[in-house]
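If you want the building blocks of each chain, they are given just below.
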Amino acid sequence: MPSENIHVAIVEDDNDIRETLALIINGTPGFTCKLVYSDCESAIADLPNQYARVVLMDIQLPGKSGIEGVRILKPKLNEVDFVMLSIQQDDESIFNAIKAGASGYLVKDTPPAELLRAITEVCQGGAPMSANIARKVIQSFHASTVAPSPLSERETEILKFLCEGQNYRTIAEKLFVSPHTVRTHIKNIYKKLHVSSRAEAVRKAVDDRLV
């Protein structure tokens, strides 16, 4: 049985970055990192036989890219959350990562404390994104033609907050409603979009331009 620690795996080809991330994670109570990989091929071969709750995945890797890695691994590891940790901030990388199955997207210069918060947040159903990444996502939504949506105005508003990585309590505070009300709306969103998780709802919003 895994312990209560959040078990994190790292896929990163830069030795210094990989070792630094592992030191930060292992040096913080409540977190463990025993799985580190320098390329996607190694992760694809080994991760399905290991236990990890969160995978920090670089994009630019030798061989298969991190986006390809997520696309291959996510169907096999449905309970695992993949968070991209990359210098890539172009729209194509961001949206391809989300479509592949990533639950979050952080830039590599994310401060350690913020990175650890993001790992915790994704385990709690969040979709952590660096501020500039979230801004690009929202700007892309605004720039595109909005498809016919099955969601109400309030549900669309809540879906936008989900895409920004906001948690239930923050959404409730922003809308001046109870967390229970937010959860009820989110259940309705999942039902209407035919999804079963926050990450799937965000991907649906990206794919269908619902926000």
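Everything below is about the structure printed above this text.
Residues numbered from 1 in each chain as written. Predicted model: local features only at pLDDT ≥ 70, side-chain atom pairs only at ≥ 80, totals over all residues. Heavy atoms only, no water.

(A) Up close: the overall build of the chain. Check the secondary structure of the chain and you find 10 helices and 5 strands. For the chain, the C-alpha radius of gyration of 17 Å lies close to 17 Å, the compact-globule estimate for 211 residues. Along the first, second and third principal axes, the C-alpha set of the chain runs to 45 × 35 × 30 Å. For the chain, buried positions account for 49% of its 211 residues. Taking the contacts inside the chain whose residues are at least 6 apart along the sequence as the reference set, 64% of them involve residues at least 24 apart. Taken as a whole, the chain presents about 10400 Å² of accessible surface, with 50% of it coming from carbon and sulfur. Placing the 24 positive and 27 negative side-chain charges of the chain at their respective mean positions leaves the two points 8 Å apart. (Helix = DSSP H or I, 4+ residues; strand = E, 2+ residues; numbered from the N terminus. Rg over C-alpha atoms; globule rule 2.2 N^0.38 Å. Buried < 20%, exposed > 50% of the residue type's maximum accessible area, 1.4 Å probe, protein only. Contact = heavy atoms within 4.5 Å. Areas by Shrake-Rupley, 256 points an atom, 1.4 Å probe, with all protein chains shown as cover. Lys, Arg positive; Asp, Glu negative; His and termini not counted. Charge placed at Lys NZ, Arg CZ, Asp CG, Glu CD.)

(B) Structural detail: the pairing of strand 4 (residues 81–86). Burial analysis of strand 4 places 6 of its 6 residues in the buried class, the great majority of the element. As defined by bridge partners, strand 3 (residues 54–57) adjoins strand 4 across 4 bridges and the pair is classed as parallel. Each residue of the ladder has a partner; that of V54, found in strand 4, is D81. With helix 3 (residues 66–73) bridging strand 3 and its parallel neighbour strand 4, the resulting β-α-β unit is right-handed. Note that strand 4 and strand 5 (residues 104–107) share 4 bridges and pair parallel. Across the sheet, residue M84 finds its bridge partner in strand 5, namely Y105. You can see the chain leave strand 4, run along helix 4 (residues 91–100) and come back into strand 5, and the turn it takes is right-handed. (Pairing = 2+ DSSP bridges. Right-handed = clockwise from strand over helix to strand, strands pointing away.)

(C) Broad picture of the environment of V54. Take V54: it is sitting in strand 3. For V54, the residues in contact, after removing those within four places along its chain, are I6, H7, V8, A9, V80, D81, V83, I119, V122 and C123.

(D) Spotlight on helix 10 (residues 198–208). Along helix 10, the positions that sit buried rather than exposed are R198, A199, A201, V202, R203, A205 and V206. Positive phi shows up at R209, right after helix 10, with a value of about 50 degrees.

(E) Geometry of the side chain of T32. Position of T32 relative to the elements: it lies in strand 2 (residues 31–37). A relative accessible area of 10% places T32 in the buried class. Residues within four places of T32 in sequence aside, it is in contact with N5, I6, H7, V8, I25 and N26.

(F) Focus on the sheet that holds strand 2. The 5 strands are arranged 2-1-3-4-5 in an open sheet whose pairing can be described as parallel. Where the open sheet ends on each side, the last strands, each with one partner, are strand 2 and strand 5. Each neighbouring strand pair of the sheet contributes to a mean axis angle of 25 degrees, computed without reference to strand direction. Sitting on the sheet, helix 1 (residues 15–26) touches strand 1 (6–11), strand 2, strand 3 and strand 4, and the angle it makes with strand 2 is about 160 degrees. The strands that helix 5 (residues 112–123) touches are strand 1, strand 2, strand 3, strand 4 and strand 5; relative to strand 3, the one it contacts most, it runs at about 135 degrees. (Axes fitted to C-alpha atoms, helices over the stretch in contact; angles between N-to-C directions.)

(G) Region of the structure containing the environment of L23. Note that L23 resides in helix 1. Between the alpha carbons of L23 and E157 there is a distance of 39 Å; along the sequence they are 134 residues apart.

(H) Looking closely at the environment of K204. Tracing the chain through its elements places K204 in helix 10. Residue K204 is classed as partly exposed on the basis of its relative accessible area of 29%. K204 sits 106 residues away from I98 along the chain, and the two C-alpha atoms are 9.7 Å apart. Discounting chain neighbours no more than four positions away, the residues touching K204 are L193, V195, R209 and L210.

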